[in-house]
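Here is how the chains run, residue by residue.
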Amino acid sequence: MLRTSDYDYLLPDDLIARHPLARREDSRMMVLHRQGERIEHRWFREFPTFLREGDLVVFNDTRVIPARVFADEGKIELLFLEPVRETVWKCLVKPGRRMRLGATVKVRGVTGVVEEILSEGERIIAFDGPIDLEAAGELPLPPYFARAVEPEDAERYQTVFARERGAVAAPTAGLHFTPEIVVQIPHTFVTLHVGVGTFRPVQVEDLTQHRMHAERFRIGEDSARAINAARRLVAVGTTTARVLESQGLPVTARESSTDIFIHPPYQPRAVGALLTNFHLPKSTLLMLVSAFAGREFVLRAYAEAIAGRYRFYSYGDCMLIV
């Protein structure tokens, strides 16, 4: 049986990076060479030196929306996940007991009614007018930050190339890049709007029974041509990897959604190298990384990262798998 507990590890709390470094490019970068299972300790600013002729770096250009909103009364918290239709949203709510079918909530004077409760607890809420999230909301920082939003997050919890609004979490491998680094490497963009499933733990021991959340993605025509012409695709982040692996090569320009669950013994079909951050224990993201480099090698690398006091999670250091 493929067991969720096989992807567990112990992380000291002080290695969780709750704030970004002063400069994006100053992160450390652990390089995993799959050939020979060799580990190097480098700096992210050296990333371009690992590219070779014919490589194409693929970014996710999604932009995090200020999706966390408190109702006017202050006692109900909503996370606006995605629009269902005009003025109707899929939301997570806390506390759920106050938002049963037919319950109402006000956001900036706009009234919403719970129309439906989905299997995972999300609410379909119909509002009687548009919701201006830019005015009403704040960035939905990951729960493990264990702090309130601060001014620096407005810039640093977005990639420098974020442009397509719709995510509730940042594609964090992209947070290391500066405009100066982006312009010197061959690259293109896809869009995958990171959903709330990013924060959901795997709750079954037999991981084959876990069902991935679906996330919307888009591949434009120019990007599809560039991707198909590349000798090797270097995916920046697990979200980009999911887009590319959901089709395999050649890709086609399309808008769709994917619920692909990548874990060993999956063999990558499209991605030749992967840049990613360090992920939570027993998470689907750690399982995805293990499909690219092997579970035992990845967990050995994580143990070495902990011993070397790498910074973990969204604002943390990164890993390059080649």
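Treat the numbers as computed from the prediction; the structure is a model and nothing was measured.

**Student:** Help me understand the pattern of salt bridges in this model?
**Tutor:** For side chains bearing opposite charge, pairing can occur when the charged atoms are close. Evaluated as defined, the whole model comprises 25 salt bridges. Across the salt bridge formed by Arg309 and Asp14, the nearest N and O atoms sit 2.7 Å from each other. Taken as a pair, Arg309 in the loop between helix H7 (295-307) and strand E18 (318-321) and Asp14 in the segment before strand E1 (28-33) lie far apart in primary sequence, 295 residues in all. Here Arg309 falls in the partly exposed class, since its relative accessible area comes to 48%. Judged by relative accessible area, which is 53%, Asp14 ranks as exposed.

**Student:** In this structure, what is going on with the nonpolar core? I would like to understand it.
**Tutor:** Nonpolar side chains in soluble globular proteins tend to end up buried together. Of all hydrophobic cores here, the largest spans 65 residues; its most connected members are Met30, Leu32, Phe312 and Met319. Apart from residues no more than four positions distant in its own chain, Met319 is found in contact with Met30, Leu32, Leu274, Leu275, Thr276, Phe278, Val289, Ala301 and Tyr302. The next biggest cluster of nonpolar side chains, apart from the first, holds 25 residues, and it includes Ala103, Phe127, Ala136 and Val196.

**Student:** What is the right way to read the sheet that holds strand E8 (residues 104-107) from this model?
**Tutor:** For sheets, the rule is that strands pair by backbone hydrogen bonds, running either parallel or antiparallel. Across the sheet, which stays open at both edges, the seven strands sit in the order E8-E9-E10-E7-E6-E5-E11 with antiparallel pairing between neighbours. Both outer strands of the open sheet, E8 and strand E11 (137-138), are each paired with one neighbouring strand and no more. Pairing of strand E9 (residues 110-117) with strand E10 (residues 123-127), which is carried by five bridges, proceeds in the antiparallel orientation. Bridge pairing in E10 links Ile117 to Arg123.

**Student:** Is there a simple way to explain the environment of His213 in this structure?
**Tutor:** Positionally, His213 belongs in the loop between strand E13 (187-192) and strand E14 (215-219). Judged by its relative accessible area of 19%, His213 falls in the buried class. A C-alpha to C-alpha distance of 9.0 Å links His213 and Phe261, two positions 48 residues apart in sequence. A polar atom in the side chain of His213 sits 3.1 Å from the side chain of Glu215.

**Student:** Even after reading the chapter, I still don't get H7, so can you show me in this structure?
**Tutor:** An α-helical turn contains 3.6 residues, so any two residues separated by three or four positions project in the same direction. The end-to-end C-alpha distance of H7 is 18 Å, a good match for the 18 Å that 13 residues give at a rise of 1.5 Å each. Among the residues of H7, those classed as buried are Phe297, Val298, Leu299, Ala301, Tyr302, Ala305 and Ile306. Elements in contact with the buried residues of H7: E1, strand E2 (38-43), strand E17 (271-277), helix H6 (284-293) and E18.

**Student:** Just to check I follow, could you spell out the pairing of E2 for this structure?
**Tutor:** Consecutive residues of a regular strand have side chains that alternate between opposite faces of the sheet. Pairing analysis gives six bridges linking E1 to E2, with the strands arranged antiparallel. Within E2, the position partnered with Val31 by the bridge is Glu40. Following E1, the chain reverses through four residues before pairing antiparallel with E2; Gly36 in that reversal takes a positive phi of roughly 85°.

**Student:** What am I meant to see in the pairing of E9 here?
**Tutor:** Both E8 and E9 contribute to a ladder of four bridges, which runs antiparallel. Following the sheet pairing, Thr104 is matched in E9 by Val113. The hairpin formed by E8 and E9 contains two residues between the paired strands, and Arg108 there has a positive phi angle of roughly 55°. Linkage of E9 to E10, two consecutive antiparallel strands, is achieved through a turn of five residues, within which Gly121 is found at a positive phi near 95°.

**Student:** I'm lost on unusual backbone geometry in this one. Help?
**Tutor:** It is generally the case that most residues other than glycine have a negative phi and that most peptide bonds are trans. Residues Leu249 and Pro250 are joined by a peptide bond in cis, for which omega reads 0°. Tracing the chain through its elements places Pro250 in the loop between helix H5 (238-247) and strand E16 (254-258). At the junction of Pro264 and Pro265, the peptide bond is cis and its omega measures out at 10° in the coordinates. Here Pro265 shows up in the loop between E16 and E17. The phi dihedral of Thr87 falls on the positive side, at around 65°, and the residue is not glycine. If you trace the backbone, Thr87 turns up in the loop between strand E6 (77-85) and strand E7 (88-94). At Ala146, a residue that is not glycine, the phi angle is positive and equals roughly 50°. When you line up the elements, Ala146 lands in the loop between E11 and helix H2 (153-156).

**Student:** Sorry if this is basic, but what is going on with the sheet that holds E2 here?
**Tutor:** Sheet architecture is open: nine strands sit in the order E2-E1-E18-E17-E15-E3-E13-E14-E16, paired in mixed fashion. Edge strands, defined here as strands with exactly one partner in the open sheet, are E2 and E16. Averaged over all pairs of adjacent strands, the angle between their axes in this sheet comes to 25°, without regard to strand direction. Contacts between H6 and the sheet are confined to E1, E17 and E18, with E17 contributing the most and set at about 140° to the helix.

How each quantity is defined
Residues numbered from 1 in each chain as written. Predicted model: local features only at pLDDT ≥ 70, side-chain atom pairs only at ≥ 80, totals over all residues. Heavy atoms only, no water. Salt bridge = Lys/Arg side-chain N within 4 Å of Asp/Glu carboxyl O. Helix = DSSP H or I, 4+ residues; strand = E, 2+ residues; numbered from the N terminus. Buried < 20%, exposed > 50% of the residue type's maximum accessible area, 1.4 Å probe, protein only. Core = buried A, V, L, I, M, F, W, Y, C linked by side-chain atoms within 4.5 Å. Contact = heavy atoms within 4.5 Å. Pairing = 2+ DSSP bridges. Polar contact = N/O pair within 3.5 Å; in protein donor to acceptor, adjacent residues only side chain to side chain. Expected span 1.5 Å × (residues − 1). Axes fitted to C-alpha atoms, helices over the stretch in contact; angles between N-to-C directions.

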